[in-house]
Amino acid sequence: MARIVITGGAGFIGSHLVDAFLARGDRVVAVDNLLTGNRQNLAAHEGRSGFEFVQRDVCQGVFLTGPVDAVLHFASPASPRDYLELPIQTLKVGALGTHAALGLARAKGARFLLASTSEVYGDPEVHPQKESYWGNVNPVGPRGVYDEAKRFAEAMTMAYHRVHGIDTRIVRIFNTYGPRMRLQDGRALPEFLSQALTGAPLTVHGDGAQTRSFCYVGDTVAGILAVLERAGADPVNVGAPGEISILELARKVIAATGSPSSVVHVASMVDDPRRREPDLTRARALGWGPTTKLDDGLARTVAWFREALAARAGRS
Ligand code: UDP
């Protein structure tokens, strides 16, 4: 039985990781300042032995008594709309927050895992993206706050590995979806689902020809655990193959929800990557690969969004 610290533990992926560690009998400390996280995501574990919640900004440092076996740094705004609205917090949690989380790992002799992102590749000039690709990021564009913070976080993680001998992992997470995404966090899938389920038009940015590949959160969590347990210090992509255009995604959401909604084209995002799909060679060598088909994951996510929207309507 291990004791695991997860920053951003009340967030979308963070809370699913909390579930996974508790389910296998580990103890978990979830740290979150609730800026974009939601304590409701952890409601099932409140008061349970082996689970602690610490409301704190990781940038202030995290000081815990007792042993810690692993620190997973997931705290950060992660939706483009969030990091455009919270640029300084995004830069701080990627830089100062990563430094503090590494400091905790060093103090405890714990393994450290950084939640990095496909955004380190920027608007990629190679396709699909291998970990050896250095990326094409605009440092002074509005997305740069997230991309550069995560690039700095990777560099800091490698420096702690090289200088202090910390056992580190870097996972570059590609687009992930599933239950517990915020209903309208600005990302394509939650926006489209909320719009389709309320009869509003689906807002496709630009012509919708830009692509992403979407990984179900259960697969992403299994991939993160594989990296934590079996990878080395080099970055590993975790995501799904199966590139799909955003316009196609909007049509899929309309079909999956049986919605009468239509599609409207709105302004493009600045520096929006045109194509994105992970090369999964490294991740597959760890014995992991995504198994959930988009249609199946989408059906589960639709069911969750229906309930969450009904609960929200009941509260208002
Ligand atoms: N997008 C869209 N409509 C929306 C939200 C997003 O067309 O309401 C587009 C966005 O411009 C991008 C893609 O969907 O091309 C994926 O965006 P998302 O914010 O989900 O994630 P990203 O991969 O850009 O971080």
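This one's a predicted model, so the numbers in the text were calculated from it and none came from an experiment.

Draft legend 1. Molecular detail of the nonpolar core. Core analysis: the largest hydrophobic core is formed by 60 residues, its most contacted members being L17, F21, L72, F74 and I224. Sorting elements by how many residues they give to this core places helix α6 (residues 217-230) first, with 7 residues. The contacts of L17, once residues within four sequence positions are left out, are I6, L72, F74, V221, I224 and L225. Judged by nonpolar contacts, the second largest core, of 26 residues, contains L64, A110, Y160 and I170.

Draft legend 2. The arrangement of the packing of helix α5 (residues 188-198) against helix α7 (residues 246-257) in detail. At a closest axis distance of 10 Å, the pairing of α5 and α7 adopts a crossing angle of 40°. Considered as vectors, α5 and α7 are oriented oblique to each other. Between α5 and α7 lies a crossing whose hand is right-handed. Across from A188, L189, F192, L193, A196 and L197 in α5, the residues of α7 making contact are I246, L249, A250, V253 and T257.

Draft legend 3. The pattern of salt bridges, seen in detail. Under the counting rule described, the total for this entry stands at 22 salt bridges. Here E46 ties to R39 by a salt bridge, and the two come within 2.9 Å at their closest N and O atoms. Between D185 and R187 there is a salt bridge, and its shortest N-O distance comes to 2.8 Å. By relative accessible area, which is 23% here, R187 ends up partly exposed.

Draft legend 4. Region of the structure containing the sheet that holds strand β2 (residues 27-32). Strands sit in the order β3-β2-β1-β4-β5-β6-β11 across an open sheet of 7 strands; the sheet is parallel. Two strands in the sheet have a free side with no partner beyond their single neighbour: β3 (51-55) and β11 (236-238). Strand-to-strand twist across the sheet, computed as the mean angle between neighbouring axes with direction ignored, equals 20°. On top of the sheet, helix α3 (residues 87-108) reaches β1 (3-7), β4 (70-73), β5 (111-117) and β6 (168-173); it is set at about 175° to β4, its chief contact.

Draft legend 5. Just the site of the ligand, in detail. Around the ligand sit 18 residues, and of these T203, H205, R212, D272 and R276 come closest. Protein coverage of the free-state accessible area of the ligand, which is 520 Å², stands at 96%. Considered class by class, the residues forming the shell around the ligand number 6 nonpolar, 5 polar and 7 charged.

Draft legend 6. The arrangement of the environment of A299 in detail. As for its position among the elements, A299 is in helix α9 (residues 294-315). On the basis of relative accessible area, A299 is assigned to the partly exposed category, the value being 45%. In this structure the C-alpha to C-alpha distance between A299 and Q129, which are 170 residues apart in sequence, comes to 28 Å.

Draft legend 7. Here's a closer look at the packing of aromatic side chains. Inspection of the entire model under this criterion finds 5 aromatic pairs. Here the aromatic rings of Y121 and F174 are separated by 6.1 Å at their centres, their planes lie at 40°, and the arrangement is tilted. Of the two residues, Y121 sits in the loop between β5 and α4 (144-164) while F174 sits in the loop between β6 and β7 (176-177), which places them 53 residues apart along the sequence. The buried category is assigned to Y121, whose relative accessible area is 1%.

How each quantity is defined
- Residues numbered from 1 in each chain as written.
- Predicted model: local features only at pLDDT ≥ 70, side-chain atom pairs only at ≥ 80, totals over all residues.
- Heavy atoms only, no water.
- Core = buried A, V, L, I, M, F, W, Y, C linked by side-chain atoms within 4.5 Å.
- Buried < 20%, exposed > 50% of the residue type's maximum accessible area, 1.4 Å probe, protein only.
- Helix = DSSP H or I, 4+ residues; strand = E, 2+ residues; numbered from the N terminus.
- Contact = heavy atoms within 4.5 Å.
- Axes fitted to C-alpha atoms, helices over the stretch in contact; angles between N-to-C directions.
- Parallel < 35°, antiparallel > 145°, perpendicular 65-115°, else oblique.
- Left-handed = near helix turned anticlockwise from the far one by under 90°.
- Salt bridge = Lys/Arg side-chain N within 4 Å of Asp/Glu carboxyl O.
- Pairing = 2+ DSSP bridges.
- Near = heavy atom within 4 Å.
- Areas by Shrake-Rupley, 256 points an atom, 1.4 Å probe, with all protein chains shown as cover.
- Nonpolar A, V, L, I, M, F, W, Y, C, P; charged D, E, K, R; others polar.
- Phe/Tyr/Trp six-rings, centres within 6.5 Å; stacked < 30°, edge-to-face > 60°.

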